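Here is how the chains run, residue by residue.
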Amino acid sequence: MKTKFGVADLLIILILFGVVAATLYPFVYMLAVSFSDSTHILKGEITLWPKGFNVEMYKIVLHDPRISSAYINTIRYVLVGTLVSLIMTSMGAFAISKKELPHHKLFTLLIVFTMFFSGGMIPTFLVVKSYGLVDSLWSMVLPTAVSTWNLIVMRTFFSAMPKELEESGKIDGLTDIGIFFRLVLPLSKAVLATIGLFYAVGIWNNFYSALLYLRNQDMFPLQVVLRNIVLQGQINSANVSSVGGDNLVVDDALKFTTILVSTVPILLVYPFLQKYFVKGVMIGSVKG
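Figured I'd write up the structure that's included with this text.

Calculation criteria
Throughout, a residue's number is its position along its own chain's written sequence, starting from 1. For this predicted model, a pLDDT threshold of at least 70 governs which residues receive local features, and a threshold of 80 or more governs which side-chain atom pairs are given and counted, while totals over whole chains, interfaces and linings are taken from all residues. Note that water and hydrogens are dropped before the side-chain values are worked out from all heavy atoms of the structure. Each nonpolar core is a collection of buried residues, namely Ala, Val, Leu, Ile, Met, Phe, Trp, Tyr and Cys, held together in the definition by side-chain atoms within 4.5 Å. Relative accessibility thresholds used throughout: buried, under 20% of the residue-type maximum; exposed, over 50%; partly exposed, between the two (1.4 Å probe, protein chains only). By the criteria applied, helices consist of DSSP H or I runs no shorter than four residues and strands consist of E runs no shorter than two, each listed in order from the N terminus. What makes two residues a contact is simply this: any of their non-hydrogen atoms within 4.5 Å. Axes, fitted as lines to C-alpha atoms, cover a helix only where it is in contact. Angles between the N-to-C directions of the axes lie from 0 to 180 degrees. Each angle gets one of four labels, with under 35 degrees taken as roughly parallel, over 145 as roughly antiparallel, 65 to 115 as roughly perpendicular, and the rest as oblique. Polar here means any residue outside two lists: the nonpolar Ala, Val, Leu, Ile, Met, Phe, Trp, Tyr, Cys and Pro, and the charged Asp, Glu, Lys and Arg; Gly therefore counts as polar. Two rings belonging to Phe, Tyr or Trp (six-membered ring only in the last case) form a pair when the distance between their centres is within 6.5 Å. Interplanar angles under 30 degrees mark stacking, angles over 60 mark edge-to-face geometry, and anything in between is tilted.

In this structure, I67, Y71, Y77, W204, L214 and L222 are the most contacted members of the largest nonpolar core, which totals 37 residues. Contributions of two or more residues to this core are made by α1 (7-34), α3 (56-63), α4 (65-96), α10 (189-204), α12 (222-232) and α14 (247-267). Looking at which element gives the most residues to this core, the answer is α4, with 6 residues. Ignoring any residue separated from it by four or fewer positions in sequence, one finds W204 in contact with Y71, T74, I75, V78, L222, Q223, S262, P265 and I266. Formed by 19 residues, the second largest nonpolar core is a distinct cluster that contains M161, I179, I195 and Y199.

Right, dumping it as structure tokens:
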């Protein structure tokens, strides 16, 4: 059967190309500016391709001790936070996916309630402080450990699993915990990879928790350091003056370089999880 290609299809393709162009252009422009010489930036000659190619901005950024320290902190937060979030979310989702759970509807309602109402910033801060978590790794992990939306998606995924799987596990003498860890999780790679990616990106971009709970600058994540650099417009005044004569232009290149350095690593994770991404989201959202 031959597929017809009409005006509507052409319009959709043009719109999608427009969306792609609008999405990619800022990254391409920042990349071009970050690799360009300050003289060409000053003249406004940079569009989609760098001119006067140089990597001085990247040397400044990557050799700044704040950047390296923030990278290490962010990687720690992402690894620990994603692991904790996946464990808590998957265990909670598996529990409420069982309709035989006592007060199943009540627990589900209470969980959904948190999507629309929360205690607020001050009560949350007081809770974190009362547990002595301020200025610690756990203040970046535990307050945002479980996303209600992710939990519901994962619960729907677990609900779609065949009952015979659990029955076979119980026949073999497995407890509910054994069934969860030995049968359910190995068959849930798609949804775990998808939800894990959501959590990892959220933690990587999280600067709000750091502003609330961290006082020690040595524990700041990359996004807070990036925010400070963008606001201050410089990393080191001596380095800035040695790169170019016009500080404003160099500062712009420096900001773009810092943004790229902080964004590219998390973007590189997507290709490795792409095969799980669509499958995990679709399976977790088809059934209610």
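Don't stop here, the text continues.
What follows concerns the packing of helix α7 (residues 148-159) against α10. It is the contact of α7 with α10, at a shortest axis distance of 11 Å, that shows an interaxial angle of 180°. Relative to α10, the element α7 is oriented roughly antiparallel. Two secondary-structure elements touch here, α7 through N150, V153, M154 and F157 and α10 through V191, L192, I195, F198 and Y199. Here the contact of α7 with α10 is composed, by residue class, of 8 nonpolar, 1 polar and no charged.

Within the structure shown, the criterion is met by 12 aromatic pairs. Relative to F256, the ring of Y29 lies with its centre 6.0 Å away and its plane at 70°, an arrangement referred to as edge-to-face. Residue Y29 is located in helix α1, and its partner F256 is located in helix α14; the two are separated by 227 residues in the primary sequence. Judged by relative accessible area, F256 falls into the partly exposed class, the value being 21%. When the ring of F94 is compared with that of F158, the centres are 6.0 Å apart and the planes differ by 80°; the resulting orientation is edge-to-face. Separated by 64 residues along the polypeptide, F94 in helix α4 and F158 in helix α7 bring together distant segments of the chain. We note that F94, like F158, is buried. Among the aromatic side chains, those forming a connected cluster through ring pairs are F94, F157, F158, F180 and F181.

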